[in-house]
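# Descriptive structure summary
For reference, the chains in residue letters:
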Amino acid sequence: MLVQQLINGLTLGSVYALIALGYTMVYGIIELINFAHGEIYMLGAYMGIISFSFLTTLHLTSPTSGATFLIMMIVAVLFCGACGVTMERVAYRPLRSASRLSPLISALGVSIFLQNFVMLAQGPRDKGFPHLFSGEGIDFPGGRISAIQIFIMATSVIMMVGLQLLVHSTTIGKAMRATAQDKQMASLVGIDVDRVISVTFLIGSALAAVAGVMVGMYYGLINFFIGYIAGIKAFTAAVLGGIGNIPGAMLGGLLLGLIEGLGAGYISSEYKDVFAFAILVMVLIFRPSGLLGKDISGRV
Amino acid sequence: MPASRRSIAIIQRPFPRIILTSLWFGLLSLPLMMELKAPFFGLERPLLVSAGVAVASLLRLVVSQRGGPGAERFQRLMGAIGGAGRDLVGQMNRRVLYVVALASAVVIPLGLNRYHIDILTQVGIYVTLALGLNIVVGLAGLLDLGYVAFYAVGAYTYGLLSTRVGLSFWEVLPLGGLLAAIFGVLLGIPVLRLRGDYLAIVTLGFGEMIRITLNNWDSVTRGPNGILGIARPKMLGFIFSTPIQYYYLILAIVLLTIFVVDRLNRSRIGRAWTAMRDDEVAAEAMGINLMRTKLLAFGLGATWAGFAGVFFAGKMTFISPESFTFFESVIILCMVVLGGMGSVPGVILGACMLVILPEMMRQFALYRMLFFGGAMVVMMVLRPQGLIASSRRRIALGPKGRQGPASAAVTSLQTG
């Protein structure tokens with residue numbers, strides 16, 4: 001029981017971590033809580049289903065082949081990346097010098113718009129995700145880990161390692177770190193700040209898209225509303241780890257997943273969604289800078 | 001000129017730019033809107049999106065061609081309309097205007113049918129809610145996304161005390177307001193030290209927590225079934241039962257709200273809120289106790305939601321957690337944002353519009369939230385001060401730019 005809850009928690013946690021990365025990167029660079037980030041994740045899940053039905057209806061690939069799965073991922077990543085960049089251009093860039101409240105409200109507007117757009121275009125009912133993983137998984141004393149769980153954790157780890165490499169050993173990564181520290185200085189040394197911000201949205205959205213496709217396969221059902229709760233949880237994860245801090249978001253995501261898994265298993269599954277909020281409030285009271293973050297409470 | 005440079009130059013010219021933009025949005029909506037089984041794969045829908053975007057960008061271009069960038073031109077146009085309105089109001093003598101508005105609010109419903117009076121009562125509830133939220137968002141600049149929780153607190157206070165203890169409407173009305181205020185302060189305490197954007201998400205979480213608790217705490221709230229048989233308000237042996245009677249009751253509450261919020265706005269506290277909204281550090285340096293001022297905003301803002309909640313429970317005689325979702329919070333916020341943050345007439349206009357327009361366009365009910373979301377973005381980008389700007393905001397966010405007076409002063413210090 002305990003081991004099983006830990007495995008379920010870690011699976012969920014690695015997904016939260018992937019989404020939390022998008023929040024934390026955007027916050028690190030333009031200090032905006034991108035409320036619409038959860039919706040990008042939801043769009044990723046939808047793109048998974050849409051590309052799957054496109055491929056199988058036109059008999060382009062066989063439903064169970066690896067190619068189908070790879071194409072689903074790529075389409076979702078490309079589409080969500082494009083959406084993320086467009087969203088920044090339309091709703092956030094014109095407001096960069098506005099008061100703090102304006103971009104927040106704009107972000108909320110984007111979130112509601114996307115949610116309802118998907119509801120209107122794809123229908124309000126749950127959509128079934130294809131079962132692509134037929135693997136048995138591994139049984140061991142105390143529990144079992146299914147193939148899809150292994151896959152989700154492995155993919156998440158690969159994405160996170162890739163992101164760390166990108167941020168720490170490429171030119172664009174260096175530019176991102178510089179922009180996060182000081183936008184004005186960064187532009188003075190020749191960094192195209194607008195481009196860096198676009199790239200940040202692109203990467204964050206791509207990670208959310210991957211998370212969306214994987215969660216769709218894990219639960220088997222998606223609807224237009226999944227981005228809302230997932231968004232809040234991922235945000236909690238980002239705050240827990242210290243917002244603006246990339247390793248923090250990963251740690252926060254995993255921890256949140258574990259706490260939720262254990263909480264649902266041992267306390268009550270009805271209040272599952274309340275745990276995230278409770279953690280959020282506790283972190284904000286006792287350690288607002290998060291586990292790995294710098295002190296932000298008094299920043300001017 | 002090298003080819004790549006030339007192609008960029010072409011993209012930056014208005015018409016190719018518009019065509020590319022509209023194609024891009026069509027492309028983005030294509031996968032979500034197409035249907036493999038429909039004739040032509042349902043391609044007409046993304047094309048419609050493209051056309052819509054093209055028309056919108058063309059309109060913006062036409063407006064902006066007449067001088068300055070589009071946003072600024074739009075600002076000036078709206079400012080001119082607002083200015084003309086203000087002049088008219090100034091000439092007519094404010095008092096006369098208020099009396100006329102009040103008289104029409106009292107008399108007009110006498111000639112309307114039950115359905116229309118019910119809508120006006122809805123307007124009243126939302127005006128109260130929006131004015132309350134306006135204290136928190138518009139005056140104090142704290143984004144509260146869980147405002148509906150206080151509404152729920154008010155409604156459940158009356159629902160429970162009426163069905164279990166047997167207290168009357170008038171006994172619970174102040175109690176509901178007080179309890180909502182206490183909840184507001186309780187929520188405010190842990191997040192006071194934090195910056196505004198954290199507040200937004202914590203209040204959102206708080207709203208959800210209240211709703212989930214109401215939904216699951218069966219022994220007290222009866223969960224999703226809700227509370228039935230809440231007593232109607234009584235006064236001197238007279239029971240409120242027809243729509244028009246409820247309308248006058250909410251009208252009285254609205255008038256009280258308008259009076260108090262207007263007085264608060266002009267008071268020392270109101271000025272402290274605006275100062276804090278514009279620059280916390282400067283406000284603190286001027287001797288404003290941020291802790292106290294924020295808690296006051298939360299408490300006083302929540303009070304009105306409490307009152308509205310008690311009224312709502314008394315009118316419907318049935319409440320369930322379904323009435324207190326996140327979307328309710330969003331709609332109330334939308335009223336404040338569209339009408340004009342910090343402006344009492346603006347917020348009233350916003351509430352009227354967002355209740356009456358959806359009623360008039362019932363056939364587009366599905367598109368309502370889509371429109372609200374889009375409108376929030378458009379308003380923030382083109383006219384952040386709302387339809388009717390508050391007088392202080394008008395100065396701070398006027399056509400000169402979006403910077404507040406404080407930051408403008410800083411800029412001038414830096415440059416000169």
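Another point: the overall build of chain A. For chain A, the helix and strand inventory stands at 11 helices and four strands. In terms of overall dimensions, chain A is globule-like: its C-alpha atoms have a radius of gyration of 19 Å, near the 19 Å expected for 300 residues. Considering only C-alpha atoms, chain A reaches an extent of 55 × 45 × 40 Å along its principal axes. At a minimum sequence separation of 6, the contacts of chain A that also span at least 24 residues come to 77%.

For chain B, the count of helices and strands is 19 helices and two strands. When each of the 416 residues of chain B is scored for burial, the buried share is 41%. Summarising the internal contacts of chain B: among those between residues at least 6 apart in sequence, 75% fall at separations of at least 24.

Time to look at the domain arrangement of chain B. Each assigned domain of chain B is listed with its residue range as follows: domain 1 (7-65) and domain 2 (112-386). Spacing between the C-alpha centres of domain 1 of chain B and domain 2 of chain B amounts to 39 Å.

We now examine unusual backbone geometry. In this structure, A:Glu31 is a non-glycine residue whose phi angle is positive, near 50°. Within the secondary structure, A:Glu31 sits in the loop between helix H1 (2-30) and helix H2 (37-57).

This part is about the interface of chain A and chain B. Contacts between the two partners involve 47 residues from chain A and, on the opposite side, 39 residues from chain B. For the side of chain A that touches chain B, the secondary-structure elements that each account for two or more residues are H2, helix H3 (66-92), helix H4 (101-122), helix H9 (226-241) and helix H11 (272-286) of chain A. Class assignment for the residues of the side of chain A that touches chain B results in 34 nonpolar, 10 polar and three charged.

A separate point is the packing of helix H7 (residues 148-165) of chain B against helix H8 (residues 169-191) of chain B. Residues and elements named next belong to chain B. Packing of H7 against H8 leaves a shortest axis separation of 8 Å and a crossing angle of 140°. As judged from the angle between their axes, H7 and H8 are oblique. As for how H7 packs across H8, the hand of that crossing is right-handed. Every residue of H8 that contacts H7 at Phe 150, Val 153, Gly 154, Thr 157, Tyr 158, Leu 161 and Ser 162 is listed here: Phe 169, Val 172, Leu 175, Gly 176, Leu 179, Ala 180, Phe 183 and Gly 184.

Once that is clear, we can look at helix H14 (residues 290-316) of chain B. Residue and element names in this part refer to chain B. Helix length check: H14 (27 residues) gives 39 Å between terminal C-alpha atoms against 39 Å at 1.5 Å per residue, within 8%. Burial analysis of H14 places 22 of its 27 residues in the buried class, the great majority of the element. Thr 317 sits one or two residues past H14 and shows a positive phi near 60°.

Moving on to the packing of helix H6 (residues 171-181) of chain A against helix H8 (residues 193-219) of chain A. All names here are of chain A. At a minimum axis separation of 10 Å, H6 and H8 run at an interaxial angle of 105°. Relative to H8, the element H6 lies roughly perpendicular. For the pair formed by H6 and H8, the contact residues are Ile 172, Ala 175, Met 176 and Thr 179 on the first element and Val 193, Val 196, Val 199 and Thr 200 on the second.

Time to look at helix H16 (residues 344-360) of chain B. All names here are of chain B. Taking 1.5 Å per residue as the helical rise, H16 with its 17 residues ought to reach 24 Å, and the 24 Å between its terminal C-alpha atoms agrees with that figure. Turning to H16, its buried residues number three or more, namely Val 344, Gly 346, Val 347, Ile 348, Leu 349, Gly 350, Ala 351, Leu 354 and Val 355. Elements that come into contact with the buried residues of H16 comprise helix H6 (114-139), helix H11 (243-266) and helix H15 (326-339).

A few words now on the nonpolar core. Membership of the largest hydrophobic core comes to 207 residues, with the highest contact counts inside it found for A:Cys80, A:Val210, B:Ala130 and B:Met335. At 16 residues, the largest contribution of residues to this core is made by H1(A). Filtering out sequence-adjacent residues up to four positions away, A:Cys80 remains in contact with A:Ile40, A:Leu43, A:Gly44, A:Met47, A:Ser205, A:Ala206, A:Ala208 and A:Ala209.

Segments scoring low in pLDDT should not have their predicted coordinates read at a detailed level. Residues and elements named next belong to chain B. In the predicted model, chain B carries a mean pLDDT of 80, and the fraction of residues at 70 or more is 82%. Considering only residues more than four positions removed or in separate chains, one finds that residues 399-416, a stretch of pLDDT under 50, has 18 contacts. Scored as a whole, the predicted complex attains pTM 0.84, and scored at its interfaces, ipTM 0.85.

What follows covers the environment of B:Pro31. All names here are of chain B. Along the chain, Pro 31 falls in helix H2 (residues 14-33). Judged by the 18 C-beta atoms lying within 10 Å of it, Pro 31 is partly exposed. Taking the C-alpha atoms as reference points, Pro 31 and Met 376, separated by 345 residues in sequence, lie 25 Å from one another.

Residue and element names in this part refer to chain A. Looking at chain A as a whole, the pLDDT averages 85, with 96% of positions reaching at least 70. For chain A, strand S2 (residues 138-140) is the element with the lowest average pLDDT, namely 76, and H8 is the one with the highest, namely 92. A low-confidence stretch, residues 296-300 (pLDDT under 50), is modelled with seven contacts involving residues beyond four sequence positions or located in other chains.

Residues and elements named next belong to chain B. Along the chain, the position of Phe 326 falls in helix H15. Residue Phe 326 is classed as partly exposed on the basis of its C-beta count, with 17 C-beta atoms lying within 10 Å. The spatial distance from the C-alpha of Phe 326 to the C-alpha of Gly 207 is 7.1 Å, given a sequence separation of 119 residues. When residues no more than four places from it in sequence are discounted, the contact partners of Phe 326 are Leu 204, Gly 207 and Glu 208.

Residues and elements named next belong to chain B. As for its placement among the helices and strands, Tyr 198 is situated in helix H9 (residues 196-216). On the basis of neighbour counts, which here come to 21 C-beta atoms within 10 Å, the residue Tyr 198 falls in the buried class. Put simply, Tyr 198 and Leu 143 are 55 residues apart on the chain and 9.1 Å apart in space, counted from C-alpha to C-alpha.

Parameters at a glance
In every chain, residue numbers begin from 1 and rise along the written sequence. The lettering of chains begins at A and the numbering of ligands begins at 1, in the order of writing. Owing to the predicted nature of the model, reporting of local features is limited to residues with pLDDT of at least 70; listing and counting of side-chain atom pairs is limited to 80 or more, with chain, interface and lining totals taken over all residues. The numbering of helices and of strands both runs from the N terminus, where a helix is a DSSP run of H or I of at least 4 residues and a strand a run of E of at least 2. In this description the radius of gyration comes from C-alpha coordinates, and the expected globular size is given by 2.2 Å times residues to the power 0.38. C-beta atoms are placed from the backbone for every residue, and two residues are taken to be in contact when these atoms lie within 7 Å. With C-beta atoms placed from the backbone, the exposure class of a residue follows from how many other C-beta atoms lie within 10 Å of its own: 20 or more, buried; 12 or fewer, exposed; in between, partly exposed. For the domain bounds, the source is a domain assignment made automatically or taken from a database. Each residue gets one of three labels, nonpolar for Ala, Val, Leu, Ile, Met, Phe, Trp, Tyr, Cys and Pro, charged for Asp, Glu, Lys and Arg, and polar for the others, Gly among them. Axis definition: a line fitted to C-alpha atoms, over the contacting stretch in the case of helices. Angles run 0 to 180 degrees between N-to-C directions. Note on terminology: angles under 35 degrees are roughly parallel, angles over 145 are roughly antiparallel, angles of 65 to 115 are roughly perpendicular, and the others are oblique. The crossing is said to be left-handed when, going from far helix to near helix, the turn is anticlockwise and less than a right angle, and right-handed when the turn is clockwise. Multiplying 1.5 Å by the residue count of a helix minus one yields the expected span of that helix. Put simply, a nonpolar core is a cluster of buried Ala, Val, Leu, Ile, Met, Phe, Trp, Tyr and Cys residues tied together by C-beta atoms within 7 Å. pLDDT is defined as a per-residue confidence score from the predictor, taking values between 0 and 100.

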